[in-house]
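# Observations on the model geometry
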Amino acid sequence: MSDTTTVINPATESPIADVPIRGLDETDEAVARSLEAGPAWRAIAPADRARLMRRFAAQVEEHAEELAQLETANVGKAIGESRDEVGMVAEVLYFYAGAVDKHRGATVPVAGGVDMTFHEPLGVVAAIIPWNFPIAITSWKVGPALATGNTIVVKPAEVTPLTALRLAELALDAGIPEGVLQVVTGRGSVVGTRLAEHPDVAKVAFTGSTEVGRDVMARASGTIKRVTLELGGKSASVIFDDADLEVAAASTPGGVFANAGQDCCARSRALVQRSVVDRYLELLSKAVEGWTVGDPTDPTVKMGPMVTAAHRRVVEGFLAPGMGGADGGPVSAYARGAVPEGPGYWFPPTVVAPAEPGWRMAREEIFGPVVAVIPFDDEEDAIRLANDTPFGLSGSIWTRDGARSLRMARAIQAGNLSVNSNSSVRVQTSFGGMKQSGFGRELGLEALASYSDVKNVFVATDG
Ligand code: NAP
Ligand code: MG
């Protein structure tokens, strides 16, 4: 019998479920079942494998409201966000169902024969998932892994395992064979490290912190596993004086406070051209007032609590006196939203302005609803500030000058940029980081390459 852990609703602090804490032996058993399920899964005719994945997507659609409520209860995210994310899960599964029989090899003109390529499955894939987007990020790995003929073992974050567990049940209900998609709950230090080291795991698809990503990569090196890493960020919105300032300011809360700021793409630095900073801040403080915090099951509420009490303490630490300035000076909050009284790990949306680029809260990933507003002088200054970070995940450029938007988009070192928008993630387009935000791309057709190896076959035809 496994030990269990109690899963807590962060908005009410009430227990919602007990979930097993699996050990090394149980992890090994899951990998063995995954390995065993591989050949039969790959033997299913492509169109039939695609059909099974579509049925899986349809199961998600049929249970969408149940899944969204479960995600909100477990993570504390606003119900509108959970509904959108569950909608995306179905879309991801449909998208990759469509890719099963379209991920073609090539024939290559060569001397002396015929040369062709095959996209071979890797075998057993391990997916290690963070707590901030549990069901969405699970689907980003499950979709391309299954489409390319792999089997997959998912290790959810210890505090948010509920939707991944339900997803695995829905896969079985859809007719996906036993062992093809498994979920192993437990600790990162036990289940996660074991999956990263296991000789029968061919690839680790990891999303989480840069620190743990580094450890996963080191452990995976023992057996030369394929690794993709989606890690942290310290992304910037760059707002020029020729932007539509009303729209840019009104969009800022959504770009940094969505999912209570617990988003690797959060635009946690707003770089604003000096001549319009005052006007921008005026507009922004009005927008922050409208960013309501409260019961995440209420569809009018924009933001729920932090995921755990421990995480709220981490976020608070970035604003504590003496924690902000490079010189140890205090951080002053310019505008702060209101939070409910009573139980729940609440933290108000917070604007720090003006912030110094050297402050800890302006350099490190806070993973909470805090934005640092930093003035800049000109384009060159904006590029320097935007790139002055070890991260490179996402960012936004706000300007009405088309040529400038393209110059900036080419100059900023980040994997996902948007112009006059804060949208980072779409099913059809690739997603991933530069620099220490990781490598490998999820979503889009690009993800298929990370779940398959190219095999080249030459057949001599001369003589
Ligand atoms: P985390 O601490 O890195 O954990 C991520 C996952 O790894 C969890 O399932 C965790 O299990 C597991 N884990 C922990 N230690 C491990 C180890 N030594 N070996 C293998 N697995 C291990 O991240 P988090 O606290 O869940 O999430 C916050 C971080 O994730 C932020 O830095 C954020 O930027 C990043 N993130 C990035 C993206 C992206 O797409 N780039 C998306 C979301 C989040 P336990 O929960 O059991 O510890
Ligand atoms: Mg962690």
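Residues numbered from 1 in each chain as written. Chains lettered and ligands numbered in written order. Predicted model: local features only at pLDDT ≥ 70, side-chain atom pairs only at ≥ 80, totals over all residues. Heavy atoms only, no water.

### A word on the overall build of the protein
The test is simple: Comment: elements are numbered from the N terminus, with helices defined as DSSP H or I runs of at least four residues and strands as E runs of at least two. Radius of gyration here uses only the C-alpha atoms, and the compact-globule reference equals 2.2 Å multiplied by the residue count raised to the power 0.38. Contacts are assigned to residue pairs with any non-hydrogen atoms lying within 4.5 Å of each other. All accessible-area figures derive from a Shrake-Rupley calculation using a 1.4 Å probe, and residue coverage is judged against the displayed protein chains alone. When charges are tallied, Lys and Arg are placed among the positive residues and Asp and Glu among the negative ones, while His and the ends of the chain are skipped. Charge positions are represented by NZ for Lys, CZ for Arg, CG for Asp and CD for Glu.
Assigned secondary structure in the protein consists of 14 helices and 18 strands. Relative to the globule expectation of 23 Å for 463 residues, the C-alpha radius of gyration of the protein, 23 Å, shows essentially globular dimensions. Projecting the C-alpha coordinates of the protein onto the three principal axes gives extents of approximately 75 × 60 × 40 Å. Within the protein, counting contacts between residues at least 6 apart in sequence, those at least 24 apart form 73% of the total. Split by element, the accessible area of the protein, about 18,600 Å² in all, is 54% carbon and sulfur. Treating the 42 positive side-chain charges of the protein as one cloud and the 57 negative ones as another, the clouds have centres 3 Å apart.

### Topic: the packing of helix α1 (residues 24-43) against helix α7 (residues 188-197)
The test is simple: To get an axis, fit a line to the C-alpha atoms, keeping to the stretch in contact for a helix; angles then go from 0 to 180 degrees between the N-to-C directions. To sort the angles, those under 35 degrees are grouped as roughly parallel, those over 145 as roughly antiparallel, those from 65 to 115 as roughly perpendicular, and the leftovers as oblique. In a left-handed crossing the near helix is turned counterclockwise from the far helix by less than a right angle, and in a right-handed crossing that turn is clockwise. Amino acid classes used here: Ala, Val, Leu, Ile, Met, Phe, Trp, Tyr, Cys and Pro are nonpolar; Asp, Glu, Lys and Arg are charged; the rest, including Gly, are polar.
Close contact between α1 and α7 brings their axes to 9 Å; oriented N to C, the two are set at 40°. By the angle between their axes, α1 is oblique relative to α7. The crossing of α1 and α7 is right-handed. Contacts between α1 and α7 involve Leu24, Thr27, Asp28 and Val31 on the former and, on the latter, Val190, Val191, Arg194 and Leu195. Across the contact of α1 with α7, the residue classes tally to five nonpolar, one polar and two charged.

### Describing the pattern of salt bridges
Where we set the bar: For this document, the term salt bridge refers to a Lys or Arg side-chain nitrogen within 4 Å of an Asp or Glu carboxyl oxygen.
Enumeration according to the criterion identifies 24 salt bridges in this entry. For Arg404, the salt bridge identified is with Asp242, shortest N-O distance 3.2 Å. Note that Arg404 is positioned in helix α14 (residues 402-411) and Asp242 in the loop between β10 (236-239) and α9 (245-256), a separation of 162 residues in sequence. The network of salt bridges with shared partners includes Asp242, Glu379, Arg404 and Arg407.

### A short note on α9
This is how the line gets drawn: In this analysis, the expected span of each helix is defined as 1.5 Å times one less than the number of residues it contains. Any residue under 20% of the maximum accessible area for its type is buried, any over 50% is exposed, and the rest in between are partly exposed; the area is computed with a 1.4 Å probe on protein chains only. Throughout, the arc means the angular range of directions from the helix axis out to the C-beta atoms.
With 12 residues, α9 should cover 16 Å at 1.5 Å per step; its first-to-last C-alpha distance of 17 Å lies within 8% of that length. Those residues of α9 that fall on the buried side of the exposure criterion are Leu245, Ala248, Ala249, Thr252, Pro253, Gly255 and Val256. Taken down its axis, α9 places every buried residue within 165° of arc, on the same side. Those residues of α9 hidden inside the fold are in contact with β10, α10 (277-289), β14 (370-376) and β15 (394-398).

### Things to note about the packing of helix α13 (residues 379-387) against α14
It is at 10 Å that the axes of α13 and α14 come closest, and there the two elements cross at 30°. With respect to α14, the element α13 is oriented roughly parallel. Note that α13 runs across α14; the crossing there is right-handed. Contacts between α13 and α14 involve Glu379, Ala382, Ile383 and Asn387 on the former and, on the latter, Arg404, Arg407, Met408 and Ala411. For the contact of α13 with α14, a count of residues per class yields four nonpolar, one polar and three charged.

### Side note on a nonpolar patch on the surface
Rule in force here: Only residues above 30% relative accessible area that lack a salt bridge enter a patch, with like-charged residues linked at up to 9 Å and the nonpolar side chains Val, Leu, Ile, Met, Phe, Trp and Tyr linked at up to 5 Å.
Taken together, the side chains of Val108, Val110 and Phe458 make up a nonpolar region of the molecular surface, amounting to roughly 230 Å² of accessible area. One can find Phe458 in strand β18 (residues 452-460).

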